[in-house]
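Residue strings, one per chain:
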Amino acid sequence: MASKRALLVAINDYGSQQNNLPSCLEDATRFRSLLSERYGFTDFHELYDGEATVANVEAGLGWLFESVTEDDRLVFYYSGHGFQQPKGENLEECLVLGD
(Lines give C-alpha, C1' and ligand atoms only; values in the text may rest on other atoms or scores of the structure.)
Protein backbone atom coordinates (compact mmCIF):
# COMPACT_ATOMS: atom_id res chain seq x y z
CA MET A 1 0.00 0.00 0.00
CA ALA A 2 1.27 3.46 -0.90
CA SER A 3 2.33 5.76 1.92
CA LYS A 4 1.77 9.49 2.24
CA ARG A 5 4.59 11.13 4.18
CA ALA A 6 5.42 14.76 4.84
CA LEU A 7 8.39 16.52 6.40
CA LEU A 8 7.35 19.94 7.70
CA VAL A 9 9.98 22.51 8.70
CA ALA A 10 9.08 25.96 10.03
CA ILE A 11 10.99 28.65 11.89
CA ASN A 12 9.59 31.73 13.59
CA ASP A 13 12.35 32.16 16.19
CA TYR A 14 15.72 33.04 14.67
CA GLY A 15 17.04 34.35 17.97
CA SER A 16 16.67 38.08 17.38
CA GLN A 17 13.65 40.32 17.05
CA GLN A 18 14.86 41.76 13.73
CA ASN A 19 15.14 38.30 12.13
CA ASN A 20 12.15 36.54 13.71
CA LEU A 21 9.12 35.79 11.55
CA PRO A 22 5.49 36.03 12.70
CA SER A 23 3.61 33.13 11.15
CA CYS A 24 5.76 30.27 9.83
CA LEU A 25 4.64 27.83 12.54
CA GLU A 26 1.00 28.67 11.91
CA ASP A 27 1.53 28.21 8.16
CA ALA A 28 3.01 24.74 8.76
CA THR A 29 0.15 23.78 11.09
CA ARG A 30 -2.44 24.80 8.51
CA PHE A 31 -0.58 23.00 5.73
CA ARG A 32 -0.44 19.85 7.88
CA SER A 33 -4.21 20.04 8.34
CA LEU A 34 -4.70 20.44 4.60
CA LEU A 35 -2.51 17.43 3.83
CA SER A 36 -4.30 15.35 6.43
CA GLU A 37 -7.90 16.36 5.78
CA ARG A 38 -7.93 16.84 2.02
CA TYR A 39 -5.20 14.49 0.80
CA GLY A 40 -5.21 11.74 3.43
CA PHE A 41 -1.63 12.10 4.64
CA THR A 42 -1.06 10.23 7.88
CA ASP A 43 2.70 10.15 8.44
CA PHE A 44 4.33 13.43 9.47
CA HIS A 45 7.72 14.47 10.78
CA GLU A 46 7.79 18.05 12.05
CA LEU A 47 10.77 20.27 12.89
CA TYR A 48 9.97 23.66 14.38
CA ASP A 49 12.18 26.55 15.52
CA GLY A 50 15.26 25.20 17.37
CA GLU A 51 14.62 21.65 16.12
CA ALA A 52 15.11 22.82 12.52
CA THR A 53 18.88 22.30 12.40
CA VAL A 54 20.90 21.15 9.41
CA ALA A 55 21.44 17.72 10.99
CA ASN A 56 17.77 17.27 11.86
CA VAL A 57 16.54 18.36 8.42
CA GLU A 58 19.05 16.01 6.74
CA ALA A 59 17.84 13.17 8.98
CA GLY A 60 14.23 14.13 8.21
CA LEU A 61 14.91 14.01 4.48
CA GLY A 62 16.47 10.57 4.98
CA TRP A 63 13.26 9.46 6.73
CA LEU A 64 11.11 10.99 3.98
CA PHE A 65 12.86 9.06 1.20
CA GLU A 66 13.45 5.83 3.13
CA SER A 67 12.14 2.77 1.26
CA VAL A 68 10.11 4.96 -1.09
CA THR A 69 8.20 3.33 -3.95
CA GLU A 70 6.78 4.83 -7.12
CA ASP A 71 3.28 4.81 -5.59
CA ASP A 72 4.24 6.78 -2.48
CA ARG A 73 3.42 10.47 -2.12
CA LEU A 74 6.03 12.66 -0.42
CA VAL A 75 5.95 16.32 0.60
CA PHE A 76 8.75 18.53 1.89
CA TYR A 77 7.43 21.83 3.26
CA TYR A 78 9.57 24.73 4.48
CA SER A 79 8.49 28.06 5.92
CA GLY A 80 11.26 30.40 7.04
CA HIS A 81 13.96 32.65 5.71
CA GLY A 82 15.71 31.89 2.44
CA PHE A 83 18.88 33.19 0.88
CA GLN A 84 20.41 33.48 -2.58
CA GLN A 85 24.12 33.39 -3.29
CA PRO A 86 25.99 33.44 -6.60
CA LYS A 87 27.56 30.18 -7.70
CA GLY A 88 29.31 30.67 -10.99
CA GLU A 89 26.78 32.12 -13.42
CA ASN A 90 23.81 30.89 -11.38
CA LEU A 91 22.10 31.84 -8.16
CA GLU A 92 22.05 29.14 -5.52
CA GLU A 93 18.90 29.05 -3.37
CA CYS A 94 19.41 28.22 0.31
CA LEU A 95 17.19 27.52 3.31
CA VAL A 96 18.13 29.45 6.44
CA LEU A 97 17.80 26.89 9.23
CA GLY A 98 17.93 27.31 12.99
CA ASP A 99 21.68 26.82 13.26
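Please refer to the structure higher up on the page.
Keep in mind it's a predicted model, so treat the numbers as computed, not measured. (Residues numbered from 1 in each chain as written. Predicted model: local features only at pLDDT ≥ 70, side-chain atom pairs only at ≥ 80, totals over all residues. Heavy atoms only, no water.)

**Student:** Could you give me a rundown of the overall build of the protein, with the residues and numbers involved?
**Tutor:** Summing up its helical and strand segments, the protein has 2 helices and 5 strands in all. When the helices and strands of the protein are listed from N to C terminus, the series reads β-α-β-α-β-β-β. Summarising its shape, the C-alpha atoms of the protein cover approximately 45 × 35 × 20 Å along the three principal directions. In the protein, buried positions account for 27% of the 99 residues. Residue pairs in contact within the protein that sit at least 24 positions apart in sequence constitute 63% of those at least 6 positions apart. Of the roughly 6600 Å² of accessible surface on the protein, 48% is carried by carbon and sulfur atoms. (Helix = DSSP H or I, 4+ residues; strand = E, 2+ residues; numbered from the N terminus. Buried < 20%, exposed > 50% of the residue type's maximum accessible area, 1.4 Å probe, protein only. Contact = heavy atoms within 4.5 Å. Areas by Shrake-Rupley, 256 points an atom, 1.4 Å probe, with all protein chains shown as cover.)

**Student:** Quick rundown of the sheet that holds strand 1 (residues 4-10)? Include the residues and the values.
**Tutor:** Hydrogen bonds along the backbone pair up the strands of a sheet, which may run parallel or antiparallel. Judged by pairing direction, the sheet is parallel, and its 3 strands sit side by side in the order 2-1-3 without closing on themselves. Only two strands of the sheet have a single partner each, and these edge strands are strand 2 (43-48) and strand 3 (73-79). Neighbour-to-neighbour, the strand axes of the sheet open up by a mean angle of 10°, direction not taken into account. Direction of pairing for strand 1 relative to strand 2: parallel, over a ladder of 6 bridges. Bridging across to strand 2, Leu 8 finds its partner in Glu 46. Sitting on the sheet, helix 1 (residues 24-39) touches strand 1, strand 2 and strand 3, and the angle it makes with strand 1 is about 170°. Those strands touched by helix 2 (residues 54-65) are strand 1, strand 2 and strand 3, and its axis lies near 165° from that of strand 1. (Pairing = 2+ DSSP bridges. Axes fitted to C-alpha atoms, helices over the stretch in contact; angles between N-to-C directions.)

**Student:** Please provide a residue-by-residue account of the packing of aromatic side chains, values included.
**Tutor:** Summed over all chains, the structure comprises 1 aromatic pair. Seen in terms of ring centroids, Phe 31 and Tyr 77 are 4.6 Å apart; in terms of plane orientation they differ by 20°. Their pairing is stacked. Within this pair, whereas Phe 31 is found in helix 1, its partner Tyr 77 is found in strand 3, the two being separated by 46 residues in sequence. The exposure class assigned to Phe 31 is partly exposed, which follows from its relative accessible area of 24%. What makes Tyr 77 buried here is its relative accessible area of 17%. (Phe/Tyr/Trp six-rings, centres within 6.5 Å; stacked < 30°, edge-to-face > 60°.)

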